[in-house]
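# Report on the structure
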Amino acid sequence: MNLDALYPWLFTGAAIVWLVITWQQNPPERRAPLTPPPAPEPPPFLPNDIAVEMLDIGVMYVSSDGVVLHHNPALRTVLRIDGVVDGQTIMSLVRDHQLDEFVRDTAKKRSNDEMQLHQRNPSRSMRVVARPMVLPSDDVVVMVLIRDVTQINQLERARRDMIVSISHELRTPLAALKILSDTIVSQPPPEIAQRMALRISDEVDALTRLVDDLHDLSQIEAGRIALQYAQHDTATLIAQAIERIHPQAETHHISIQAHHADDIAPVMVDRGRLGQVLLNLLHNAVKFTPDGGSIDISARVIQLPAESAETAGMPIDHSEGEWVLFAIRDNGVGISLEHQARIFERFYKVDQARTRGSGTGLGLAIVRYLVEGHGGRIWLTSTVGSGTTFFFTIPTATL
Ligand code: ADP
């Protein structure tokens, strides 16, 4: 037998065996293609634009019968959708008749349109813009742009409320100043002129307080107040605050007692700002306590979370560590539960009539910012007719 004649056959046989083995071990679907597959063709209606994919506004292309044909990644975030989007109807994705009808109408009318979409739970507002696109086949695809405007609306509302409150707060003392000064111009008897002049001085003080509080609040909110932290003796800070409020308390025969351990731990604070917090709370306590009443200011060190359950009403999300818990207790008019919930809001006043001396309604908003700026929390307990206690925490110098 001539072996030379067999070689080509042997070689071909070996090649076939090798191919069969390779094929079995590595079927076609597992093998990497030699060239990458071509990028999928964008649907014909899509402006082949990477910008749409990168927009932080939700974009979807919807057929005239309300089926989503294509969408960008931001749409999932804006509409908070997890699953499949393309091929689904708007109704099944968003469960909103209004949006579904709006898109279908736009396709029918073949003209641009806009709407506001409001969702409950959680409450959100979205601005929806629809642009119909007529395809060569005369079918219509609607490009829908959806933007979450909840935060923008909230900020706008807060800005409007703020302007209304400020103008209201300014109008009252300005009107009083106008009447008082007109009276003086009319040359009344000297004792009346003297009384008017004193009232003008009071109104100017109130206006100055308002402007100072507004300035403080705007600086704090803009993050422009940098707290200058240093270690300070807690007992001294309390004694200084009592000394400053003393003349006012004395006028109304109100006594103020301090309660704390002699060796209470020092705090890490901005001295001026903590003084402002204490003075503001003491000032309110004096303002709402009847003549002859009493006010207690106490301080003690607490370890969190070990003691949090013991301190009634303490916010559960309080940070751990060692804190000084301050409490300012008065036996004044008290604050009902309904008002307690809003007491730290800007310009919130419970009842003008019951106040001794006027206020801006900004004091507690500033106090809360300052306490939280130190890392602490502020809260209160109160019983109408019996009195109020404001609590707040400040880190000890060892935290
Ligand atoms: P204001 O500068 O007008 O006092 P605050 O922000 O300090 O404003 O207080 C808001 C409202 O909370 C006050 O109008 C007052 O009605 C109420 N309030 C604050 N502290 C007390 C308190 N110790 N007892 C009773 N009511 C208080």
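Keep in mind the model is a prediction, meaning the values are calculated, not measured. Throughout, a residue's number is its position along its own chain's written sequence, starting from 1. Where totals are concerned, whole chains, interfaces and linings use all residues; where local detail is concerned, this predicted model gives features only for residues with pLDDT of at least 70, and gives and counts side-chain atom pairs only at 80 or more. Based on all heavy atoms of the structure, the side-chain values leave hydrogens and waters out of the count.

## Digging into helix H6 (residues 150–185)
- End to end, H6 covers 52 Å across 36 residues, agreeing with the expected 52 Å (1.5 Å per residue, within 8%).
- Working definition: with a 1.4 Å probe on protein chains only, accessible area under 20% of the residue-type maximum means buried, over 50% means exposed, and in between means partly exposed. Helix and strand labels come from DSSP, where a helix needs a run of H or I of at least four residues and a strand needs a run of E of at least two; each type is numbered from the N terminus. Inspection of H6 places Thr150, Met162, Ser165, Glu169, Pro173, Ala176, Leu177 and Leu180 among the buried residues, and these make up the whole buried set.
- Buried residues belonging to H6 abut strand E4 (124–134), strand E5 (140–148) and helix H7 (190–221).
- Once H6 finishes, Gln187 follows within two positions and takes phi at roughly 50°, a positive value. Helix span, as expected, comes to 1.5 Å for every residue beyond the first. Residues are treated as being in contact if the distance between any of their heavy atoms lies within 4.5 Å.

## A word on the pairing of strand E3 (residues 113–119)
- Pairing between two strands is assigned when DSSP locates at least 2 bridges connecting them. As paired elements, E3 and E4 share seven bridges and run antiparallel to each other. Within E4, the residue paired with Met115 across the bridge is Val128.
- Linking E3 to E4, which pair antiparallel, is a turn of four residues; within it Asn121 sits at a positive phi near 50°.

## Considerations on the confidence of the model for the protein chain
- A residue's pLDDT is simply how confident the predictor is in it, with values from 0 to 100. Model confidence for the protein chain is summarised by a mean pLDDT of 85, while 84% of its residues fall at 70 or above.
- The secondary structure element of the protein chain with the lowest average pLDDT is helix H1 (residues 3–25), at 60, and the one with the highest is strand E7 (residues 255–259), at 97.

## Some remarks on the site of the ligand
- Lining the immediate environment of the ligand, one finds 19 residues, of which Asn284, Lys287, Asp330, Gly361 and Leu364 sit closest.
- Whenever two N or O atoms come within 3.5 Å, that pair is a polar contact, provided that in protein one can donate a hydrogen and the other can accept it, and provided that, for residues adjacent in sequence, both atoms are side-chain atoms. Within the side chain of Asn284, one N or O atom sits 2.9 Å away from an oxygen atom of the ligand.
- Within the backbone of Gly363, an N or O atom sits 3.4 Å from an oxygen atom of the ligand.
- Residue exposure ignores everything except the shown protein chains as possible cover, and the areas themselves are Shrake-Rupley values with a 1.4 Å probe. Relative to its free-state accessible area of 540 Å², the ligand is covered by the protein chains to the extent of 96%. Here a residue is considered near a molecule or strand provided that any single heavy atom belonging to it is located within 4 Å of it.

## Overview of the sheet that holds strand E9 (residues 294–304)
- With mixed pairing, five strands are arranged side by side in an open sheet as E7-E9-E10-E12-E11. If you trace the sheet from one side to the other, it starts and ends with E7 and strand E11 (378–383), each paired once. Strand-to-strand, the axes of this sheet are offset by a mean angle of 20°, without reference to chain direction.
- Note: strand E10 (residues 321–330) against strand E12 (residues 387–395), eight bridges, orientation antiparallel. What sits directly across from Ala327, in E12, is Phe391.
- The sheet contacts of helix H9 (residues 271–287) involve E9, E10, E11 and E12, and relative to E10 the element is tilted by about 25°. The angle between two axes is taken between their N-to-C directions and runs from 0 to 180 degrees, where each axis is a line fitted to C-alpha atoms and a helix contributes only its stretch in contact.

## What to know about the pairing of E5
- Along E5, seven of the nine residues are buried, which leaves the element largely enclosed by surrounding structure.
- Two elements, strand E1 (residues 58–63) and E5, share six bridges in a ladder whose sense is antiparallel. When the bridges of E5 are listed, Val59 appears paired with Leu145.
- In textbook terms, the turn of a hairpin is the stretch between consecutive antiparallel strands, and for E4 and E5 this stretch comprises five residues, one of which, Asp138, has a positive phi near 75°.

## What about H9?
- A rise of 1.5 Å per residue sets the reference length of H9, with its 17 residues, at 24 Å; its end C-alpha atoms lie 24 Å apart and thus fit the reference within 8%.
- Counting buried residues in H9 gives twelve out of 17 residues, a clear majority hidden from the surface.
- Every buried residue of H9 is listed here: Arg273, Leu274, Gly275, Val277, Leu278, Asn280, Leu281, Leu282, Asn284, Ala285, Val286 and Lys287.
- Near the N-terminus of H9, the side chain that reaches the backbone nitrogen of Gly272, with its oxygen 3.3 Å away, is that of Asp270.

## Considering the sheet that holds E1
- The five strands are arranged E2-E1-E5-E4-E3 in an open sheet whose pairing can be described as antiparallel. Every other strand in the sheet has two partners, leaving strand E2 (68–71) and E3 as the edge strands with one partner each. Neighbour to neighbour, the strand axes of the sheet diverge by 25° on average, direction disregarded.
- Here E1 runs beside E2; their pairing, made up of three bridges, is antiparallel.

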